[in-house]
Amino acid sequence: MTLRQAQGPQGNPQGSPNEIATAAATDLAVRAVGVGKIFPTTGARTDSNSVIALAGVELEVGAGEFVSLIGPSGCGKSTLLRLIADLDQASSGTLEIFGKPARRARIDQDYGIAFQQSGLLPWRTVAANISLPLELHGTSRSERTARVAELAELVGLSDFVDRYPDQLSGGMQQRVAIARALATRPRLLLMDEPFGALDEMTREYLQSELTRITAETGAAVVFVTHSIPEAVFLSDRVVVMSPRPGRITDVITTELGDERGESLREAREYFERVTAVREALHAGPIVRANER
Ligand SMILES: Nc1ncnc2c1ncn2[C@@H]1O[C@H](COP(=O)(O)OP(=O)(O)O)[C@@H](O)[C@H]1O
Ligand SMILES: [Mg+2]
């Protein structure tokens, strides 16, 4: 049970009526309380050489909300995402995904993941790649066929289901990865710089596609990016992080509405939010953590 399940005026006072209705109906997608992560340096005899990757992270992501994590290289964005995905364990604090421990949420396939590298299996066709989580889930063949067709349509790849990954552009490969991440209808998508390796035009196109896809599926998203315009264009809230130790220094609510068309990229409010995020980023110490 969370506060957001309460109906009426007890809901998030800052949210629009729409957001309140959505948040009231379901659990928080992510709830991090005092989350810290320390990586002990290999062979170190004392704690002094350890890397404090995250300290005191407090984060709530509402159901259906799009939240970006932005910050300089080494500030712990990927680490936080990996903790949410149960790919690693926090050193302190608590982390809940839809009210469950991260491990339980992983077993229940409550979220889908997409990384910078699409991670497609080269010997499988587009259809067979999208189908993989459904096979692991024990979904019947006929259901898989229907769902793969639906997902291919969702990401605009219906004509390419019989191709192999090396016959696709980088942008198309990422679309397959997104379809695969959505296969089991997760209520949460975790994305770590999924468009980081793409050219600017493709990147902007896929950003628009992603806003459409998440609007259609209603999934919450935690999205890691280095790009300020990308974070602002996509997000309901932009979470600004700083390194040493990695922590949240600011949260900017974009309030740009649900319609994220191309014209938004030229809108005054959009530029204002880009400036606000840039200033929040630069307010922190300008240091780059050593990449280990
Ligand atoms: N497996 C690991 N072992 C030791 N240090 C790590 C490990 N993973 C990340 N780090 C360190 O933790 C910090 C945060 O890393 P990361 O989350 O990858 O940052 P970001 O994704 O923001 O660039 C960095 O200093 C990085 O070197
Ligand atoms: Mg990273």
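Presented here is a report on the structure given in the accompanying data block. A quick note: this is a predicted structure, and the numbers were derived from the prediction, not measured.

**Thoughts on the sheet that holds strand S3 (residues 66-70)**
Thought 1: With respect to topology, six strands assemble into an open sheet ordered S6-S7-S8-S3-S9-S10, the strand pairing being mixed. Either end of the sheet is taken by a strand with one partner, and the two such strands are strand S6 (111-115) and strand S10 (247-253). When the angles between neighbouring strand axes are averaged without regard to direction, this sheet yields 15 degrees.
Thought 2: Bridge count between strand S7 (residues 188-192) and strand S8 (residues 220-225): five bridges; the pairing is parallel. Considered in S8, the bridge of Asp192 is made with Val224.
Thought 3: Across the face of the sheet, helix H6 (residues 170-181) comes into contact with S6 and S7 while running at roughly 165 degrees to S6.
Thought 4: Along the sheet face, helix H9 (residues 268-283) touches S3, strand S9 (237-242) and S10 and points at about 165 degrees away from the line of S10.

**Topic: the site of ligand 1**
Thought 1: Residues in close proximity to ligand 1 total 15 residues, the closest being Phe39, Ala53, Lys77, Ser78 and Thr79.
Thought 2: Going through the elements one at a time, strand S2 (51-61) and helix H2 (77-84) are the ones with two or more residues in the shell around ligand 1.
Thought 3: For the shell around ligand 1, the element with the highest residue contribution is H2, accounting for three residues.
Thought 4: Each residue belonging to the shell around ligand 1 can be placed in one class, and the counts come to five nonpolar, seven polar and three charged.

**Some details on the environment of Leu132**
Thought 1: Within the secondary structure layout, Leu132 lies in helix H4 (residues 126-137).
Thought 2: The class of Leu132 is partly exposed, set by 15 C-beta atoms lying within 10 Å.
Thought 3: With 48 residues separating them in the primary sequence, Leu132 and Arg180 have C-alpha atoms 7.4 Å apart.

**Some words on the sheet that holds strand S5 (residues 100-101)**
Thought 1: Read from one edge to the other, the open sheet built from four strands follows the order S2-S1-S4-S5, with strand pairing classed as antiparallel. Edge positions in the open sheet fall to S2 and S5, since each of these has one partner strand only.
Thought 2: For strand S1 (residues 30-39) and strand S4 (residues 92-97), the ladder comprises five bridges, and the chain directions are antiparallel. Paired with Arg31 across the bridge in S4 is Glu96.

**Some details on the packing of H4 against H6**
Thought 1: It is at 7 Å that the axes of H4 and H6 come closest, and there the two elements cross at 30 degrees. Here H4 is positioned roughly parallel relative to H6, judged by the angle of their axes. Remark: the crossing between H4 and H6 carries right-handed chirality. Touching Val126, Asn129, Ile130, Leu132 and Pro133 of H4 are Val176, Ala179 and Arg180, all from H6.

Rules used in this analysis
Residues numbered from 1 in each chain as written. Chains lettered and ligands numbered in written order. Predicted model: local features only at pLDDT ≥ 70, side-chain atom pairs only at ≥ 80, totals over all residues. Pairing = 2+ DSSP bridges. Helix = DSSP H or I, 4+ residues; strand = E, 2+ residues; numbered from the N terminus. Axes fitted to C-alpha atoms, helices over the stretch in contact; angles between N-to-C directions. Contact = placed C-beta atoms within 7 Å. Near = placed C-beta within 6 Å. Nonpolar A, V, L, I, M, F, W, Y, C, P; charged D, E, K, R; others polar. Buried ≥ 20, exposed ≤ 12 C-beta atoms within 10 Å, placed from the backbone. Parallel < 35°, antiparallel > 145°, perpendicular 65-115°, else oblique. Left-handed = near helix turned anticlockwise from the far one by under 90°.

Note that every value here comes from positions in space, so none of it alone points to a role or purpose.
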